[in-house]
Amino acid sequence: VLATFIGICKVKDDNIVQQMQQDQAKSVDAWAWYQAKKTRLQFAEATADSLELQSLSAPVNLKPAFEKKIAKYKGQADKQSKELDEIQAKAKGYDDDYDKWNLHDDQFDLSDALLAIAISLFAVTSLTQKRWLFGLALVPTFFGVLYGVAGLMGYAIHSNLAAKLLGT
């Protein structure tokens, strides 16, 4: 029964891992796009500043051309600045989704580890016929099933201590 439960949890865990990978890839892409937009913003601002300085010493007949170019680059800077906030919000959203999925991934990892320990203890109990060993095996069984059900049902039950011990 425990092995079947582990199998069911494994399917759900694999789907969660796939979603985490997609969120992580989208986050990396969004942050890269954010950096590109930020570079474009800085370039447009620097170009507008440079043109403003050049226009100070330009002949009067060229000043309208300078003003037109300055306006163009200031417009580009404004556009990049507005888009920068949107992209940053999108990237943070992917990061938040990743963290949400990671909680459930940790639940399934803990469930898998605890139920593997429980199955091993039940096997030794079967060989030794020790009642105390059976009682001991029920402890990881209870917590393994608890974390597995929490992961399947989307409950936010989490052990930070276990996640830190078993994490990287």
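Quick look at the structure, then. Residue positions are given per chain, counted from 1 along the sequence in the order it is written. In keeping with the predicted nature of the model, local features appear solely for residues at pLDDT of at least 70, side-chain atom pairs appear and are counted solely at 80 or more, and the whole-chain, interface and lining totals rest on all residues. The side-chain quantities take in all heavy atoms of the structure and omit both hydrogens and water.

**A word on helix α3 (residues 131-153)**
This is how it is decided: The secondary structure listing takes helices from DSSP runs of H or I that are at least 4 residues long and strands from runs of E that are at least 2 residues long, numbered from the N terminus. Multiplying one less than the number of residues by 1.5 Å gives the expected span of a helix. Residues count as neighbours in contact if any of their non-hydrogen atoms are within 4.5 Å of one another.
Relative to the 33 Å expected for 23 residues at 1.5 Å per residue, α3 spans 33 Å between its end C-alpha atoms, a close match to the ideal helical length. On its buried face, α3 is in contact with α1 (2-56) and α2 (63-128). Directly after α3, the chain includes Gly154, whose backbone phi takes a positive value near 80°.

**Section: the packing of aromatic side chains**
Selection criterion: Ring pairs shown here join Phe, Tyr and Trp side chains whose ring centres sit within 6.5 Å, with only the six-membered ring taken for Trp; geometry is labelled stacked below 30 degrees between planes, edge-to-face above 60, and tilted in between. Relative accessible area decides the class of each residue, using a 1.4 Å probe on protein chains only: under 20% of the type maximum gives buried, over 50% gives exposed, and in between gives partly exposed.
A full pass over the atoms with the stated rule returns three aromatic pairs. Between Trp31 and Tyr34, the ring centres sit 5.4 Å apart and the planes meet at 80°, which makes this aromatic pair edge-to-face. Of this pair, Trp31 and Tyr34 both sit in helix α1, three residues apart, which is roughly one turn of that helix. For Tyr34, a relative accessible area of 9% corresponds to the buried category.

**With respect to unusual backbone geometry**
Residues other than glycine seldom take positive phi values, yet Gln129 does so here, at roughly 60°. Counting through the fold element by element, Gln129 comes out in the loop between α2 and α3. Gln129 sits in the exposed class, given a relative accessible area of 63%.

**Quick look at the environment of Phe43**
Structurally, Phe43 is set in helix α1. Since its relative accessible area comes to 55%, Phe43 is described here as exposed. Along the chain, Phe43 and Ala77 lie 34 residues apart, while their C-alpha atoms are 8.2 Å from each other.

**Here we look at the nonpolar core**
Applicable threshold: In this description, a nonpolar core means a group of buried Ala, Val, Leu, Ile, Met, Phe, Trp, Tyr and Cys residues linked to one another through side-chain atoms lying within 4.5 Å.
Core analysis: the biggest nonpolar cluster contains 12 residues, these being Tyr34, Leu41, Ala44, Ala48, Leu51, Ala58, Phe66, Ile70, Tyr73, Ala77, Leu84 and Ile87. The set of elements that each furnish at least two residues to this core consists of α1 and α2. Here this core gets six residues from one element, more than from any other, and that element is α2. Those residues in contact with Ile70 that lie beyond four places of it in its chain are Ala48, Leu51, Glu52 and Ser55.

**Observations regarding the packing of α1 against α2**
When two helices pack together, their arrangement is captured by the angle between the axes and the distance separating the axes. Counted only if it meets this: Axis definition: a line fit to C-alpha positions, over the contact stretch in the case of helices; interaxial angles, taken between N-to-C directions, run 0 to 180 degrees. An angle below 35 degrees is read as roughly parallel, one above 145 as roughly antiparallel, one from 65 to 115 as roughly perpendicular, and any other as oblique. A crossing counts as left-handed when the near helix is turned anticlockwise from the far one by less than a right angle, and as right-handed when that turn is clockwise. Polar here means any residue outside two lists: the nonpolar Ala, Val, Leu, Ile, Met, Phe, Trp, Tyr, Cys and Pro, and the charged Asp, Glu, Lys and Arg; Gly therefore counts as polar.
The geometry of α1 relative to α2 is characterised by a closest axis approach of 5 Å and an angle of 160° between their N-to-C directions. Here α2 runs roughly antiparallel to α1, going by the angle between their axes. Where α1 crosses over α2, the two elements pack in a sense that is left-handed. Tallied by class, the residues present in the contact of α1 with α2 amount to 34 nonpolar, 13 polar and 19 charged.

**Comments concerning the environment of Gly151**
Along the chain, Gly151 turns up in helix α3. Each C-alpha atom, one on Gly151 and one on His104, is 5.2 Å from the other, the two residues being 47 residues apart in sequence. Filtering out sequence-adjacent residues up to four positions away, Gly151 remains in contact with Lys12, His104, Gln107 and Phe108.

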